[in-house]
There are 2 protein chains.
Amino acid sequence: MIGHERFIAVDWGTTNRRAWRMGPDGAVEDVFEDDAGVAALPSGAYPSEVEKLRQRLGDLPMLLGGMVGSNRGWRDVPYVACPAAVADIAPAIVWMDERTGIVPGVCQNRADAPEVMRGEEVQIIGAMAAGGLPADGLVCLPGTHAKWVCLAGGRIESFATWMTGEVFALLGRHSILAPQIAGKAQSGSGFAAGVAQAQSGDPLGRLFRLRAGALLGTPIADGPSYASGLLIGAEVRAALASRQGDTPYLIGRPDLCDLYAAAIAQVQDRPFDAHRQIDGGLAFREGIRAVLKELA
Amino acid sequence: MIGHERFIAVDWGTTNRRAWRMGPDGAVEDVFEDDAGVAALPSGAYPSEVEKLRQRLGDLPMLLGGMVGSNRGWRDVPYVACPAAVADIAPAIVWMDERTGIVPGVCQNRADAPEVMRGEEVQIIGAMAAGGLPADGLVCLPGTHAKWVCLAGGRIESFATWMTGEVFALLGRHSILAPQIAGKAQSGSGFAAGVAQAQSGDPLGRLFRLRAGALLGTPIADGPSYASGLLIGAEVRAALASRQGDTPYLIGRPDLCDLYAAAIAQVQDRPFDAHRQIDGGLAFREGIRAVLKELA
């Protein structure tokens, strides 16, 4: 389909979407972002939404990744089973028309540990193609449902999901802790205190102290960051428990990756190398480019 | 005020209230329950609500416990600091009129581990007074915010709160797992599988498998019970981690105590003695009776 032409890459998630017009040299020529995620769209809306993106960014070939390929999106695109590399994923693209394709997600078909991802596989492919991520090792993609992925020989070998992000959001919106943890978490002393408390590996037994401290006039400082530190700290400890020597790479939103980097540095008691932190948008765009190259 | 007369005991929580008319011999003569918890009542509603309870159950002295004594209830009654026994709690009752009193909650004033309870202290006092709970040991009160309490010399010595119940409810109502965990958890093989998976001490890294299994056509059996087993299993493991030999007592709703008893038995690999399981309503009524005796 495409060799070194212009194209549009769309990261279409549950709550928002980001689209980039990419130049023949890999440069970002234009970008569009809004909150028309799959949760906000009726199932019949996709052809016209895609048309709108083309009106906005150019009448170009387009590859979509993320929840747009799920049973809640445009088309339920079958998963590619891991171990999976770009060479397995690219041929499994589902073409909605001859120049509009949806990249499949990846699944782990283990009865004792079933797992699925949609969108992260594109970021991993892109981070590897761009040279920032080695072919073997551990990579974490923070988010609503954080993924911890083992790479081997350039393939997604196995992975696991943590619901840390969603639980943190639920606690902030709907729980009795909402007054204490409303606001944005940031790395710093409050976050570090939460990560330290997470040493118990038991965040649900510590969170209530946020409320008790407030009631007793001894509030825990920077509640949002403390709660985030507790939850992310517990995740990082658990995910690294069996691979203590390994420092993971991080792909995602820079602010969220900063929190994970701080937690990993604290748990491993050594600085986190900033080169291991990869912007999620860059990784996605490069992933779509790598998939297109594979097809060329 | 009262010696061995009739009285009304009211367990007034966040989402509902239960009131009993108690006879001079300790027998329950009448009971009333509805969902007029403090979350459902405006702050000015209490005098007329109390009057309604008396019209229903009798024109008698009344002691109230639970969230009715909080800043979200009728009056913010100061906590009694632990270590606390009935002899510390009874004199601290706040009398709204000469025959309507609110029993104070108990707090743990430790800057590194602030904790509060309201209502559980009445149940603990009652379970001790009724002879089911020894003066020294460990007791767990499952619920929205489960309490694990160390007793020493008949006093509440120290305690910790787990948000297990609230997180389970949030996941069932608002999360992406709602389709998989809607319904009632029960002990059995699904619950036991969750408790077994909780050995990792890391429930937030396992829950997503409920969704992934469903998407991949290998659904985890009895999702509500599995999720409950994961969360309660992690709580029980963490709470017992530093006291492996100790078997806790349980006070609470029988269906919820059954789940905790099953998890404790599985974690400790021995049967849970049913005599250690105490009905929460009985414990509350007996607690109010013990407080009144202390005042007599």
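On a predicted model such as this, the values are computed, not experimentally measured, just so you know.

Here is what the cut-offs are and how they apply
Residues numbered from 1 in each chain as written. Chains lettered and ligands numbered in written order. Predicted model: local features only at pLDDT ≥ 70, side-chain atom pairs only at ≥ 80, totals over all residues. Heavy atoms only, no water. Least-squares fit on C-alpha atoms with pLDDT ≥ 70 in both. Contact = heavy atoms within 4.5 Å. Phe/Tyr/Trp six-rings, centres within 6.5 Å; stacked < 30°, edge-to-face > 60°. Helix = DSSP H or I, 4+ residues; strand = E, 2+ residues; numbered from the N terminus. Buried < 20%, exposed > 50% of the residue type's maximum accessible area, 1.4 Å probe, protein only. Pairing = 2+ DSSP bridges. Axes fitted to C-alpha atoms, helices over the stretch in contact; angles between N-to-C directions. Salt bridge = Lys/Arg side-chain N within 4 Å of Asp/Glu carboxyl O. Buried area = accessible area lost by both parts, 1.4 Å probe. Polar contact = N/O pair within 3.5 Å; in protein donor to acceptor, adjacent residues only side chain to side chain. Expected span 1.5 Å × (residues − 1). Arc of directions from axis to C-beta. Parallel < 35°, antiparallel > 145°, perpendicular 65-115°, else oblique. Left-handed = near helix turned anticlockwise from the far one by under 90°. Nonpolar A, V, L, I, M, F, W, Y, C, P; charged D, E, K, R; others polar.

**Student:** What is the right way to read the relation of the copies chain B and chain A from this model?
**Tutor:** Both copies of the chain are related by one operation, a rotation about an axis with a shift along it. When chain B is brought onto chain A, the operation consists of a screw motion whose angular component is 180° and whose axial shift is 0.0 Å, with 0.0 Å RMSD remaining. The two molecules are tied by a two-fold rotation axis, judged by turn and shift. Comparing interface residues between copies, 100% of those in chain B also sit at the interface in chain A, which points to an isologous, same-surface contact.

**Student:** Could you clarify how one ought to interpret the packing of aromatic side chains in this entry?
**Tutor:** Two measures describe an aromatic ring pair: the distance that separates the ring centres and the angle between the ring planes. All chains considered together, the criterion is met by eight aromatic pairs over all chains. With centroids separated by 5.3 Å and ring planes inclined at 55°, the aromatic side chains of Trp-12 of chain A and Tyr-46 of chain A adopt a geometry described as tilted. Linking Trp-12 of chain A in strand E1 (residues 7–12) with Tyr-46 of chain A in helix H1 (residues 46–57), this pair joins segments that are 34 residues apart in sequence. Ring centres 6.2 Å apart and planes at 65° place the aromatic pair Trp-148 of chain B and Trp-162 of chain B in the edge-to-face group. Taken as a pair, Trp-148 of chain B in strand E11 (residues 146–152) and Trp-162 of chain B in strand E12 (residues 155–162) lie far apart in primary sequence, 14 residues in all. No difference in accessibility class separates Trp-148 of chain B from Trp-162 of chain B, as the two residues are buried. One aromatic cluster is present, built from ring pairs that chain together Trp-12, Tyr-46 and Trp-74 of chain A.

**Student:** Please clarify how the sheet that holds strand E4 (residues 62–66) of chain B should be interpreted in this entry.
**Tutor:** One key point about sheets: their strands pair by backbone hydrogen bonds, in either a parallel or an antiparallel sense. Residue and element names in this part refer to chain B. Strand order across the open sheet formed by six strands is E3-E2-E1-E4-E7-E6, with mixed pairing between neighbours. Of all strands in the sheet, those with a lone pairing partner are strand E3 (28–34) and strand E6 (94–97), marking the two edges. Taking each pair of neighbouring strands and ignoring which way they run, the sheet shows an average axis angle of 20°. Sheet topology places strand E1 (residues 7–12) next to E4; five bridges connect them, and they run parallel.

**Student:** I tried to follow the pattern of salt bridges on my own but got confused; where do I start?
**Tutor:** It is possible for side chains bearing opposite charge to pair when their charged atoms get close. Counted under the stated rule, the structure contains 26 salt bridges over all chains. Its salt-bridge partner being Arg-21 of chain B, residue Glu-29 of chain B comes within 3.0 Å of it at the nearest N-O pair. By relative accessible area, Glu-29 of chain B is classed as partly exposed at 30%. One salt-bridge network, held together by shared partners, links Arg-17, Asp-34, Glu-49 and Lys-52 of chain A.

**Student:** Just to check I follow, could you spell out the interface of chain B and chain A for this structure?
**Tutor:** Many authors give the size of an interface as the accessible area that is lost as the parts come together. Facing the 41 residues of chain B at the interface are 41 residues of chain A. Carbon and sulfur atoms supply 69% of the area that chain B and chain A bury against each other, a total of about 3600 Å² over both sides. Of all residues in chain B, the largest losses of buried area upon contact with chain A belong to Met-163, Leu-204 and Phe-208 of chain B, amounting jointly to 19% of the total for that side. Viewed at the interface, chain A and chain B are joined by two salt bridges. Linking Arg-209 of chain A and Glu-115 of chain B is a salt bridge whose minimum nitrogen-to-oxygen distance equals 3.9 Å. Counting the contacts that link chain B with chain A gives eight residue pairs in polar contact (both at pLDDT 80 or more). Of all the secondary structure elements, the ones that give two or more residues to the side of chain B that touches chain A are strand E8 (106–108), strand E9 (115–117), E12, helix H4 (164–174), helix H7 (209–215) and helix H8 (223–240) of chain B.

**Student:** Could you clarify how one ought to interpret the pairing of E6 of chain B in this entry?
**Tutor:** The side chains of a regular strand alternate, residue by residue, between the two faces of the sheet. All names here are of chain B. As paired strands, E6 and strand E7 (residues 100–102) are joined by three bridges and run antiparallel to one another. Paired with Val-94 across the strands is Ile-102, a residue of E7. In this antiparallel pair of consecutive strands, E6 and E7, the connection spans two residues.

**Student:** Whenever I open this one, the environment of Phe-32 of chain A confuses me. Can you help?
**Tutor:** All names here are of chain A. Its location among the elements puts Phe-32 in strand E3 (residues 28–34). As for Phe-32 and Ala-221, which are separated by 189 residues in sequence, their C-alpha atoms are 38 Å apart. Not counting the four nearest positions on each side in its chain, Phe-32 is found in contact with Arg-17, Arg-18, Ala-19, Leu-53, Arg-56 and Leu-57.

**Student:** Please clarify how helix H1 (residues 46–57) of chain B should be interpreted in this entry.
**Tutor:** Since the α-helix advances by 3.6 residues per turn, residues separated by three or four positions end up pointing in the same direction. All names here are of chain B. The terminal C-alpha atoms of H1 lie 16 Å apart, and with twelve residues this matches the ideal 16 Å at 1.5 Å per residue to within 8%. Of all the residues in H1, the buried ones are Tyr-46, Glu-49, Val-50, Leu-53, Arg-54 and Leu-57. All buried residues of H1 project into a common sector of 145° when viewed along the axis, lining one side. At its buried positions, H1 is contacted by E1, strand E2 (17–22), E3, E4 and E7.

**Student:** Whenever I open this one, the pairing of strand E12 (residues 155–162) of chain A confuses me. Can you help?
**Tutor:** All names here are of chain A. The pairing of strand E11 (residues 146–152) with E12 spans seven bridges and is antiparallel. Paired with Trp-148 across the bridge in E12 is Ala-160. Turn length for the E11-E12 hairpin, with the two strands adjacent in sequence and antiparallel, is two residues, and the turn residue Gly-153 shows positive phi of about 60°.

**Student:** Would you explain the side chain of Arg-17 of chain B in this entry?
**Tutor:** All names here are of chain B. Locating Arg-17 in the fold gives a position in strand E2. Of note is the side chain of Arg-17, whose polar atom sits 2.8 Å from the side chain of Asp-34. Side chain to side chain, Arg-17 and Glu-49 meet in a polar contact 2.8 Å long. Once you skip the residues sitting within four places of it in the chain, Arg-17 turns out to touch Asp-11, Trp-12, Phe-32, Glu-33, Asp-34, Ala-36, Glu-49 and Leu-53.

**Student:** Even after reading the chapter, I still don't get the sheet that holds strand E8 (residues 106–108) of chain A, so can you show me in this structure?
**Tutor:** Here three strands make up an open sheet; going across it, the order is E5-E8-E9 (chain A) and the pairing mixed. Of all strands in the sheet, those bounded by a partner on one side alone are strand E5 (80–81) and strand E9 (115–117) of chain A.

**Student:** Before we go on, may I ask you to explain the packing of helix H6 (residues 189–197) of chain A against helix H9 (residues 254–268) of chain A in this structure?
**Tutor:** Two packed helices can be described by the angle between their axes and the distance between those axes. All names here are of chain A. Interaxial distance between H6 and H9 falls to 10 Å at its minimum, and their mutual angle equals 50°. Judged by the angle between their axes, H6 and H9 are oblique. Remark: the crossing between H6 and H9 carries right-handed chirality. Counting all contacts with H6, which are made through Phe-191, Ala-192, Val-195 and Ala-196, the residues of H9 involved are Leu-259, Ala-262, Ala-263, Gln-266 and Val-267. Broken down by class, the residue content of the contact of H6 with H9 amounts to eight nonpolar, one polar and no charged.

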